[in-house]
Amino acid sequence: MRNLNRIIFINSANIPYADDIYLDGNVHFIGTQGVGKSTVLRAILFFYNADTQKLGIPVEKQSYTEYYFPYSNSYIIYEVTTENGAFCILSFKSMNRVNYRFINSPYRKELFIDPETLTAYTGTDRIRMQLDQAGIDYSRIISTFDEYRNILYGNGVSADMQKYSLMESKQYQNIPRTIQNVLLNSKLDAEFIKKTIISSINEDETGVDLNSYKEHLKNFETRLHDIEEYQTGDSEASKRNHFAFCTGIAPTDLHRTRLS
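Below: a short report on this structure.

Quick notes on the rules
- Residues numbered from 1 in each chain as written.
- Predicted model: local features only at pLDDT ≥ 70, side-chain atom pairs only at ≥ 80, totals over all residues.
- Heavy atoms only, no water.
- Salt bridge = Lys/Arg side-chain N within 4 Å of Asp/Glu carboxyl O.
- Helix = DSSP H or I, 4+ residues; strand = E, 2+ residues; numbered from the N terminus.
- Buried < 20%, exposed > 50% of the residue type's maximum accessible area, 1.4 Å probe, protein only.
- Phe/Tyr/Trp six-rings, centres within 6.5 Å; stacked < 30°, edge-to-face > 60°.
- Contact = heavy atoms within 4.5 Å.

## Digging into the pattern of salt bridges
Then, in step 1: Throughout the structure, instances matching the rule amount to seven salt bridges.
Then, in step 2: The partner of K163 in a salt bridge is D137, and the shortest N-O contact between them spans 3.8 Å. In this pair, K163 is assigned in the loop between α4 (145–152) and α5 (174–184) and D137 in the loop between α3 (124–133) and α4, connecting sequence segments 26 residues apart.
Then, in step 3: Judged by relative accessible area, which is 29%, K163 ranks as partly exposed.
Then, in step 4: On the basis of relative accessible area, D137 is assigned to the partly exposed category, the value being 41%.
Then, in step 5: Here R149 ties to D146 by a salt bridge, and the two come within 2.6 Å at their closest N and O atoms. With R149 and D146 both in helix α4 and three residues apart, the pair spans about one turn of that helix.

And the structure:
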């Protein structure tokens, strides 16, 4: 079982440092307005959908990128537990957009914070140096949201990146949408949430029976032809069809009756 275990803020969203937000069980966010409940929820939602436009942020407020990554040493780190341990996903701002790096290690403070100055390392190159010194494997920088989602949901990723996937799903697009609806809509009842999540991860492919559609089209063309003949009003066929329509006797049966 793989799941998001905790989230770490470093110089992010007015939070100097927080590494104690664990998400490995039932979590209740309690506090007065402005303490950061929505801040944490949006960061969690962004982990799953990687879409800055679908986080419920009012248009008059700062964008996700501006608010969560105001400095060159602003980071959000997601720790994911797996059956073989844990890995981290580092998110940061570069070229005015959010980028990612997958790190094959549980969260370790010394990889991101200078133990002498107690300040966050500026720039991901400095963090990469720490990872190299510690002998920790990591991915290249992921700069597009589509590639990030493909890795997270195991959609056609290379073998070396499969260890960073939460699951393998060809229809993963439904999952971020479901989580978005759950987090942004507090009026959903538990039963609806359960059914929505179950249906979102259903990978049963729906087939299309072309023969069935062909038969429907054939019948439609026949009926359309009969209607056109009836509307002309001057052919023997239209008279037979009109009589059949009124009496319920098929034109072929009518023809046999006359012959007999």
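## A look at the packing of aromatic side chains
Then, in step 1: This structure, assessed with the given rule, holds 14 aromatic pairs.
Then, in step 2: Arranged with centres 5.7 Å apart and planes meeting at 85 degrees, the rings of F46 and F145 form a pair that is edge-to-face. Highlighted residues: F46 in helix α1 (residues 37–49) and F145 in helix α4, separated in sequence by 99 residues. Like F46, the residue F145 is buried in the burial classification.
Then, in step 3: With 4.8 Å between their ring centres and 85 degrees between their planes, F47 and Y48 make a pair best called edge-to-face.

## Re the side chain of S12
Then, in step 1: On the secondary structure map, S12 appears in strand β1 (residues 3–12).
Then, in step 2: Judged by its relative accessible area of 0%, S12 is buried.
Then, in step 3: The residues contacting S12, other than those within four sequence positions of it, are Y68, Y75 and I76.

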